[in-house]
Amino acid sequence: MERPGKALSELCAASAWEMEQLRGQMQALEDVVLDVLERGTPPTSQELRSLQDFDLVIQTLAGLSGFYKRVQAQVDESGPADLPAAAAGVTLEKLRDRLRSASSLANT
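Here is what the cut-offs are and how they apply
Residues numbered from 1 in each chain as written. Predicted model: local features only at pLDDT ≥ 70, side-chain atom pairs only at ≥ 80, totals over all residues. Heavy atoms only, no water. Helix = DSSP H or I, 4+ residues; strand = E, 2+ residues; numbered from the N terminus. Buried < 20%, exposed > 50% of the residue type's maximum accessible area, 1.4 Å probe, protein only. Contact = heavy atoms within 4.5 Å. Areas by Shrake-Rupley, 256 points an atom, 1.4 Å probe, with all protein chains shown as cover. Core = buried A, V, L, I, M, F, W, Y, C linked by side-chain atoms within 4.5 Å. Patch = residues over 30% accessible without salt bridge, like charges linked within 9 Å, V, L, I, M, F, W, Y side chains within 5 Å. Salt bridge = Lys/Arg side-chain N within 4 Å of Asp/Glu carboxyl O.

S.K.: Help me out: how do you make sense of the overall build of the chain in this one?
M.R.: A count of helices and strands for the chain gives 5 helices and 0 strands. Mapped from its N terminus to its C terminus, the chain presents α and β elements in the order α-α-α-α-α. For the chain, with 108 residues in total, the buried portion stands at 28%. Taking the contacts inside the chain whose residues are at least 6 apart along the sequence as the reference set, 49% of them involve residues at least 24 apart. Surface exposure of the chain reaches about 7,100 Å², of which carbon and sulfur atoms provide 60%.

S.K.: Explain the nonpolar core to me, please; I cannot follow it from the model alone.
M.R.: Here is a general trend for soluble globular proteins: nonpolar side chains tend to be buried in one another's company. By size, the foremost hydrophobic cluster in this structure holds 14 residues, and its most contacted members are Leu64, Phe67, Val71, Leu83, Val90, Leu95 and Leu99. When contributions to this core are tallied by element, the ones reaching two or more residues are helix H1 (4-39), helix H3 (53-78), helix H4 (83-88) and helix H5 (93-106). At 4 residues, H3 tops the list of elements feeding residues into this core. Ignoring sequence-local partners within four residues, the contact set of Leu95 consists of Glu18, Thr60, Gly63, Leu64 and Val90.

S.K.: Explanation requested: a nonpolar patch on the surface in the structure shown.
M.R.: Among the surface-exposed residues, Met26, Phe54 and Ile58 lie close enough to one another that they form a single nonpolar patch of about 260 Å² accessible area. Locating Ile58 in the fold gives a position in helix H3. Residue Ile58 is classed as exposed on the basis of its relative accessible area, which comes to 54%.

Here it is in structure tokens:
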């Protein structure tokens, strides 16, 4: 049987990785926005494609927030968290898969 500390460790590692990815995406987006503002011309088609990542960042943050709200509700209602069940509510498929992978590692 897996120790609760191990599950928490795996969840923290997965969360830290997700946040680092978001930080990198935001840094890249900041660079694009600053380039466009400094240049004073409309964004190029490549810059517009890059700026669409704002939506992905927003969706990822919403997915993580919902995941943690579900984990909190599980703990408040029954004690132990069911991480795979909490991950099932994440609508971004790749994020859901990454959270499930961390959950399955923690539950083995």
